[in-house]
Amino acid sequence: MMVWCRSGVRRALALLALLGLLLPVLQGGCSGPDGGGGSGDADESLHPDAPSRGDLHRHKRSWVWNQFFVLEEYTGNEPLYVGKLHSDVDKGDGKVKYVLSGEGAASIFTIDENTGDIHATKRLDREAQAYYTLQAQAVDRLTNLPVEPKSEFVVKVQDINDNEPRFLDGPYFAGVPEMSPLGTMVVQVAATDADDPTYGNSARVVYSIVHGQPYFSVEPKTGVIRTALPNMDRETRDQYVLVIQAKDMVGQMGGLSGTTSVTVTLTDVNDNPPRFPHKVNQYTVLESLPVQSVVARIKASDADMGPNAEMDYRIMDGDGPGLFNITTDENTQEGVVLLLKPLDFETKSSFSLRVEATNRNIDSNFLNLGPFSDTTALKVTVEDVDEPPVFSAPLSKMSVSEDVRVGTSIGRVSAHDPDTSNSGIRYSIDRNTDMERFFNVDALSGIISTAKLLDREANSVHNLTILAIESQDPNQIGKGLAVVTVLDVNDNAPVFAIDYETLLCENTSPGTVIQTVSAVDEDEPQNGHRFDFALDAAVAGNHNFTLRDNKDNTASILTKRGGFRRREQPVYRLPVLIVDSGSPALSSTNTLSVRVCECDADGVASSCGAVAYTATGLSTGALLAILGCIITLLVMVLLIVTMRRRRKVPLILEEERDIRENIVRYDDEGGGEEDTEAFDMVALRNLNVIRDPSVRRDVTPDTPTFFQYTAPSRPAYKSLPDNVVFREFIWERLKDADVDPSAPPYDSLQTYAFEGSGSVADSLSSLESLSTDSEQNYDYLSNWGPRFKKLADLYGNADAGGDAVFS
């Protein structure tokens, strides 16, 4: 049997002493099972011959366990002694070895294999791990075979006060209504302590307020924050920052503490009534202010905010009923006074109003602070402005007959200056409303008259804008409206309502109605239209058709006979006379066309009009033969045209054979003007054979000249050198152009490809670049520096250069 022994652990022994269970073990220095019990087992293991207690015999156990305690955060230099393992098999001869396994074995806890002493080699933190479960076993040192069964025990880490309280939800933000009574709850704070709450006071926390008195208080045990003063006013101070402390060890000396901040905001309540800053408010407006314009803006001050500062305005009384209105601007809570009717300085120049402002949302808890309304007086002064003329009647209605003469007066408009100056008025018509200038207005009297003939059927109503302009200030213009209605006269004759298409079957019997006609008239008589129909007198007695007036502004056309034939007459034209009921009456003759048709049994026309002529004497085969011949001729004509278009065009036209327009290309560079081998010079040298000198080759005169020009004698060019030949040739051409009377009066440019002789630069040909006959001295190149050294070597010394190049 084995026994666990603990020595030097005062706190564990004190705990066992309080329990009163391990007195024998305390005397022997060894602990038994079950946290200090099992002393009898210990005695039995240490004294095998001890008598049993009563008749009860207990079996001997191999292990006697105890629960061990180790202080956390041990700071000593030596390993911390935990306890001792001993087996009754161990005789002290070194044959038994003790082995430790489980959580933290070897890394945290070690065991002396000879003595069984257990030590903790590292600092332990109860908050990281509160206990460790280990297994202990005694084995034979030689065979490593267990001499006792493996058993399990627990090492508990004993807590010390090494953690301060922490506010996990901090910092806190809370709100409480202003003017709250004493003791109103604001918010509850909570701090946690990581120490063991079951051992001592390490985790027992109390709360206190460090900063925030005397406005707020905190309950020590619950952390509830309450108001400590009544009637705190948000308008005086709206925010408080509190510092709350949580201290463990029940707040005793040596306890650890933590703090957090609590921001308390006083929320608004409606405890302030609106107040106008001034009892009388003066405003000035122009009498020309448009309707619905803002006259004034007033505002009552309210120290509250949000919905508690919302207010309504109303006009209580005043001397301008119905003239003004006041509304609330929801964004600024201002009272906006609006103009409902036009102002007139000459009628009334000032107004007095009394306005009231009232809170919308009144809190019944604060009625004693009211009343929650206030009044102020408004005085509105109207300033005079130069107003435009005003018409006595904004709308003037006039009527005129459409047949009146030009210049007839149809009405009069009148306007006046509303200002005290009473300026004169001049009238005119806005021509945008009378584009065709049918009317005129007298500038001084305002009489409107016709300027052109009127036509009711074209325009029955004219809306004229009359302008009244002040004589002293033409910028002041008043506008009035004149509506001129054109009255109708009977000036249009009636006509057929539509273009009728009348069909007559060949088998129609006499007395059949073949068409019913009606009429229209552009005039509009007061009593309505009344039309009379009749056949024209020239055809009234015809034997084919007759007309019946239906007395309802329509007439029916009937046949007098039957047996109409298309071949005999395909179309009949019947003149119809229509007379209106106007005064004087107007009439018109309208022609009704009747077409004779071949109809089926149901009376439906199948073919109308003239009968088509059918050619006789040619058979179908003959017609086809003629058509084939025509097609053949057309194909032949197309082939001929196509062949002519594909005729090959010669590569060189006759006109292009002129040598003056040829371009001859040579691939060699040539040697300049002295090189005569590249092209033939004979054409230029043969200058004796030329055309008539009196005829300009660059200009063709349209009319013959009356001036007889005699060309001077020319020298024989063949005997002259080339340079002289060219020079003389050019001079001769210049003289011809100067004295030619048929030359037009503009400059003529004639270009000759001759460079001339005696050039300062001589020949630029590269063929003579290396000739030893050159007189140019290039010795100066040696003075130009190292960059021109190569050129100096090549050209500086003629002899040396020649040797260098060609050696």
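How each quantity is defined
Residues numbered from 1 in each chain as written. Predicted model: local features only at pLDDT ≥ 70, side-chain atom pairs only at ≥ 80, totals over all residues. Heavy atoms only, no water. Helix = DSSP H or I, 4+ residues; strand = E, 2+ residues; numbered from the N terminus. Buried < 20%, exposed > 50% of the residue type's maximum accessible area, 1.4 Å probe, protein only. Areas by Shrake-Rupley, 256 points an atom, 1.4 Å probe, with all protein chains shown as cover. Pairing = 2+ DSSP bridges. Axes fitted to C-alpha atoms, helices over the stretch in contact; angles between N-to-C directions. Disulfide = S-S within 2.5 Å. Contact = heavy atoms within 4.5 Å. Polar contact = N/O pair within 3.5 Å; in protein donor to acceptor, adjacent residues only side chain to side chain. Patch = residues over 30% accessible without salt bridge, like charges linked within 9 Å, V, L, I, M, F, W, Y side chains within 5 Å. Salt bridge = Lys/Arg side-chain N within 4 Å of Asp/Glu carboxyl O. Phe/Tyr/Trp six-rings, centres within 6.5 Å; stacked < 30°, edge-to-face > 60°. Lys NZ or Arg CZ within 6 Å of the ring centre and 35° of its normal. Lys, Arg positive; Asp, Glu negative; His and termini not counted. Charge placed at Lys NZ, Arg CZ, Asp CG, Glu CD. pLDDT = per-residue confidence, 0-100.

K.L.:
Please clarify how the overall build of the protein should be interpreted in this entry.
P.N.:
From N to C terminus, the protein includes nine helices and 41 strands. Buried residues in the protein amount to 33% of all 807 residues. Only carbon and sulfur atoms are counted for the fraction: they give 53% of the accessible area of the protein, which is about 50300 Å².

K.L.:
Any chance you could explain the sheet that holds strand β17 (residues 280-286) here in plain terms?
P.N.:
Whether parallel or antiparallel, the strands of a sheet pair through hydrogen bonds between backbone atoms. Spatially, β17-β23-β22-β19 is the arrangement adopted by the four strands of the open sheet, whose pairing is mixed. On the outer flanks of this sheet lie β17 and β19 (311-318), each paired with one strand and no other. Across the sheet, the mean angle from the axis of one strand to that of its neighbour is 30°, orientation sign disregarded. Here β19 pairs with strand β22 (residues 350-359) via seven bridges, running antiparallel.

K.L.:
Sorry if this is basic, but what is going on with the state of the cysteines here?
P.N.:
Cysteine pairs can be covalently joined through their sulfur atoms, and such a bond is termed a disulfide. For the structure on display, the rule yields two disulfides. Disulfide pairing is shown between Cys 505 and Cys 599; the S-S distance is 2.0 Å. Between Cys 505 and Cys 599, the S-S dihedral sits near -90°, and the bridge is therefore left-handed. Remark: Cys 599 occurs in strand β40 (residues 587-599) and Cys 505 occurs in strand β34 (residues 502-505); sequence separation between them is 94 residues. Of the two residues examined, Cys 505 and Cys 599, each falls in the buried class. Across a sulfur-sulfur distance of 1.9 Å, Cys 597 and Cys 608 are joined as a disulfide pair. In this structure, the disulfide formed by Cys 597 and Cys 608 twists by about 110° around the S-S bond and is classed as right-handed. Pair noted here: Cys 597 is in strand β40 and Cys 608 is in strand β41 (residues 605-608), with a separation of eleven residues, a long-range link. Judged by its relative accessible area of 0%, Cys 597 falls in the buried class.

K.L.:
Looking at this model, I keep getting lost on the environment of Thr 408. Mind explaining?
P.N.:
Looking at the element boundaries, Thr 408 is found in the loop between β25 (395-401) and β26 (409-412). Sequence separation of Thr 408 and Thr 450 is 42 residues, and the distance between their C-alpha atoms is 5.5 Å. For Thr 408, the residues in contact, after removing those within four places along its chain, are Ile 448, Ser 449 and Thr 450. In terms of polar contacts, Thr 408 uses its side chain to reach the backbone carbonyl oxygen of Arg 405, at 2.8 Å.

K.L.:
Help me out: how do you make sense of a nonpolar patch on the surface in this one?
P.N.:
On the surface, Tyr 780, Trp 784, Phe 788, Leu 791, Leu 794 and Tyr 795 cluster together to form a nonpolar patch covering roughly 530 Å² of accessible area. For Tyr 795, the position within the fold is in helix α8 (residues 789-795).

K.L.:
When you look at the pattern of salt bridges in this model, what are you seeing that I'm missing?
P.N.:
Side chains bearing opposite charge may pair, as long as their charged atoms lie close to each other. In the structure shown here, the tally under the stated rule is 22 salt bridges. Notably, a salt bridge pairs Arg 456 with Asp 488, separated by 3.0 Å at the nearest N-O pair. On the criterion of sequence distance, the pair formed by Arg 456 in the loop between β30 (447-450) and β31 (461-470) and Asp 488 in the loop between β32 (477-487) and β33 (495-496) is long-range, its members being 32 residues apart. Judged by relative accessible area, which is 25%, Asp 488 ranks as partly exposed.

K.L.:
How should I be thinking about the sheet that holds strand β14 (residues 224-227) in this particular structure?
P.N.:
As summarised here, the arrangement of the three strands in space is β11-β14-β13, forming an open sheet in which the pairing is antiparallel. The open sheet terminates on both sides in strands that have one partner only, identified here as β11 (185-188) and β13 (216-218). Here the average twist between neighbouring strands, direction ignored, is 20°.

K.L.:
Quick question: what am I supposed to make of the environment of Pro 274 here?
P.N.:
Along the chain, Pro 274 falls in the loop between β16 (257-267) and β17. The spatial distance from the C-alpha of Pro 274 to the C-alpha of Asn 359 is 6.9 Å, given a sequence separation of 85 residues. When neighbours within four sequence positions are excluded, Pro 274 is seen to be in contact with Ala 300, Ser 301, Asp 302, Met 311, Ala 357, Asn 359, Phe 372, Ser 373 and Asp 374.

K.L.:
Before we go on, may I ask you to explain the packing of aromatic side chains in this structure?
P.N.:
Each aromatic ring pair is described using two quantities: the centre-to-centre distance and the angle formed by the ring planes. Counted by the stated rule, this structure contains eleven aromatic pairs. Ring geometry for Phe 564 versus Tyr 572: centroids 5.6 Å apart, planes at 80°, classification edge-to-face. The exposure classification of Phe 564 matches that of Tyr 572, with both residues buried. Cation over ring: Lys 348 sits above Phe 351, and NZ or CZ is 5.4 Å from the ring centre.

K.L.:
Explain the side chain of Asn 590 to me, please; I cannot follow it from the model alone.
P.N.:
Here Asn 590 is to be found in strand β40. A polar contact is formed between the side chain of Asn 590 and the side chain of Ser 588, at a distance of 3.2 Å. Beyond its immediate stretch of four places on either side in the chain, Asn 590 contacts Pro 494, Val 495, Phe 496, Leu 574, Pro 575, Val 576 and Ile 578.

K.L.:
When you look at the pairing of β31 in this model, what are you seeing that I'm missing?
P.N.:
Remark: a regular strand shows side chains that alternate across the two faces of the sheet. With seven of ten residues buried, β31 is to be regarded as a mostly interior element. As paired elements, β31 and β32 share nine bridges and run antiparallel to each other. When the bridges of β32 are listed, Thr 465 appears paired with Leu 481. Linking two consecutive strands that pair antiparallel, namely β31 and β32, is a turn of six residues.

K.L.:
Explain the side chain of Asn 544 here, please?
P.N.:
You can see Asn 544 is positioned in the loop between β36 (532-535) and β37 (545-549). Residue Asn 544 is classed as buried on the basis of its relative accessible area of 19%. Here the side chain of Asn 544 touches Arg 561 through a polar contact of 2.6 Å, side chain to side chain. In this view, Asn 544 contacts Leu 558, Thr 559, Lys 560, Arg 561, Phe 564 and Tyr 572; residues no more than four positions away in its chain are not counted.

K.L.:
Hey, could you run me through a negative patch on the surface in this one?
P.N.:
On the surface, Asp 403, Asp 455, Asp 491 and Glu 522 cluster together to form a negatively charged patch. With respect to the helices and strands, Glu 522 occurs in the loop between β35 (513-520) and β36.

K.L.:
What is the right way to read the confidence of the model for the protein from this model?
P.N.:
If pLDDT is low for a region, its predicted coordinates should not be looked at in detail. Confidence in the prediction for the protein averages 78 pLDDT; 75% of positions are at 70 or higher. Segment residues 5-65 is flagged for pLDDT under 50; beyond a separation of four residues in sequence, or across chains, it makes 95 contacts in the model.

K.L.:
Explanation requested: the environment of Glu 113 in the structure shown.
P.N.:
Along the polypeptide, Glu 113 turns up in the loop between β6 (109-111) and β7 (117-120). Overall, Glu 113 belongs to the partly exposed group, its relative accessible area being 36%. For the pair Glu 113 and Leu 85, spaced 28 residues apart in sequence, the C-alpha to C-alpha distance is 9.5 Å. Every residue in contact with Glu 113, bar those within four places of it in the chain, is listed here: Val 96, Lys 97, Tyr 98 and Arg 141.

K.L.:
For this particular structure, what's the right way to read unusual backbone geometry?
P.N.:
Negative phi is the rule for most residues except glycine; trans is the rule for most peptide bonds. Gly 170 connects to Pro 171 through a cis peptide bond whose omega is -5°. Here the bond from Gln 213 into Pro 214 is cis, since omega is 5°, no more than 30 degrees from zero. The residue Pro 214 is located in the loop between β12 (206-211) and β13 in this model. Despite not being glycine, Asn 144 has its phi angle at roughly 60°, a positive value. On the secondary structure map, Asn 144 appears in the loop between β8 (131-140) and β9 (151-158). A relative accessible area of 47% places Asn 144 in the partly exposed class. Positive phi values are uncommon outside glycine, yet Lys 551 reaches one of about 60°.

K.L.:
Just to check I follow, could you spell out the pairing of strand β10 (residues 172-177) for this structure?
P.N.:
Going residue by residue along β10, you find Tyr 172, Ala 174 and Val 176 tucked away on one face and Phe 173, Gly 175 and Pro 177 left uncovered on the opposite face. As defined by bridge partners, β10 adjoins β16 across six bridges and the pair is classed as parallel. Residue pairing in the sheet places Pro 177 in a bridge with Thr 267 of β16.

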